[in-house]
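Architecture and fold: a report
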Amino acid sequence: MFSRPPKFDSASRIRQAISKNINLALPPETLAAYVSFIEKSLGHMTDMRDCLARHGLAEGRFVVLEQLMNASEPMSHTQLAEQVGVTKASVTGLVDALERDGYIQREPSLGDRRVCYISITKSGREIAHSVAPELGKRVLGLFSGLSPDEQNLLSQLLRHLRTKEGSDVESI
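This one's a predicted model, so the numbers in the text were calculated from it and none came from an experiment.

Counted by the stated rule, this structure contains eight salt bridges. Between Arg106 and Asp96 there is a salt bridge, with its nearest N and O atoms 2.6 Å apart. Of this pair, Arg106 sits in strand S2 (residues 104–108) while Asp96 is found in helix H5 (residues 88–100), placing the two residues 10 residues apart along the sequence. Between Glu134 and Arg138 there is a salt bridge, and its shortest N-O distance comes to 3.4 Å. Note that Glu134 and Arg138 are positioned in helix H6 (residues 122–143) at a spacing of four residues, about one turn of the helix. For Glu134, a relative accessible area of 24% corresponds to the partly exposed category. Here Arg138 falls in the partly exposed class, since its relative accessible area comes to 27%. It is possible to trace a salt-bridge network through shared partners that takes in Arg54, Glu134 and Arg138.

For the pair helix H2 (residues 28–54) and H6, the least separation of the axes is 10 Å and the interaxial angle reads 165°. Overall, the two elements H2 and H6 adopt an arrangement that is roughly antiparallel. Every pair of crossing elements has a handedness; the one defined by H2 and H6 is right-handed. Two secondary-structure elements touch here, H2 through Lys40, His44, Asp47, Met48, Cys51, Leu52 and Arg54 and H6 through Val131, Glu134, Leu135, Arg138, Val139 and Leu142. Among the residues making up the contact of H2 with H6, the classes are represented as seven nonpolar, one polar and five charged.

The geometry of helix H3 (residues 59–70) relative to helix H4 (residues 77–84) is characterised by a closest axis approach of 10 Å and an angle of 110° between their N-to-C directions. It follows that H3 is roughly perpendicular to H4 by the angle criterion. Between H3 and H4 lies a crossing whose hand is right-handed. Contacts between H3 and H4 involve Val63, Val64, Gln67 and Leu68 from the first element and Leu80, Gln83 and Val84 from the second.

Rules used throughout
- Residues numbered from 1 in each chain as written.
- Predicted model: local features only at pLDDT ≥ 70, side-chain atom pairs only at ≥ 80, totals over all residues.
- Heavy atoms only, no water.
- Salt bridge = Lys/Arg side-chain N within 4 Å of Asp/Glu carboxyl O.
- Helix = DSSP H or I, 4+ residues; strand = E, 2+ residues; numbered from the N terminus.
- Buried < 20%, exposed > 50% of the residue type's maximum accessible area, 1.4 Å probe, protein only.
- Axes fitted to C-alpha atoms, helices over the stretch in contact; angles between N-to-C directions.
- Parallel < 35°, antiparallel > 145°, perpendicular 65-115°, else oblique.
- Left-handed = near helix turned anticlockwise from the far one by under 90°.
- Contact = heavy atoms within 4.5 Å.
- Nonpolar A, V, L, I, M, F, W, Y, C, P; charged D, E, K, R; others polar.

As structure tokens, this is what we get:
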């Protein structure tokens, strides 16, 4: 039987895997930057998920509510899946749960019985509005130690990393 690969759900597990199990032959500054980035990212994502959970929401459900709140009209499953960036099957599960909680409603299409349109309900808007300020405070807290210039620099560096991601690996 194969052993499972390490689950990288915490910064300490990542640091342990890198320091004890994996020889990545990285320069110290690269390793330090990587571990710091992962630690901060995982910590922030955990905080955001905990915040949503206190309101009875999961990340995917909140993203669906957010998309529906910003939509000018009800959306089909296909449209919603494209906007959220998940499969139609995944969006169906999210919509089922949100409908069960009374946060969204489905309306059958008059022209095509295979299609239904999804819209946010009043209680869906209320829950999304109640969560948003707390999420916003957490994002502000994440960057509170950085000046506006440092935040701009960080943004530029992360965009640069995103455009470079994988470009050097392909040549190996």
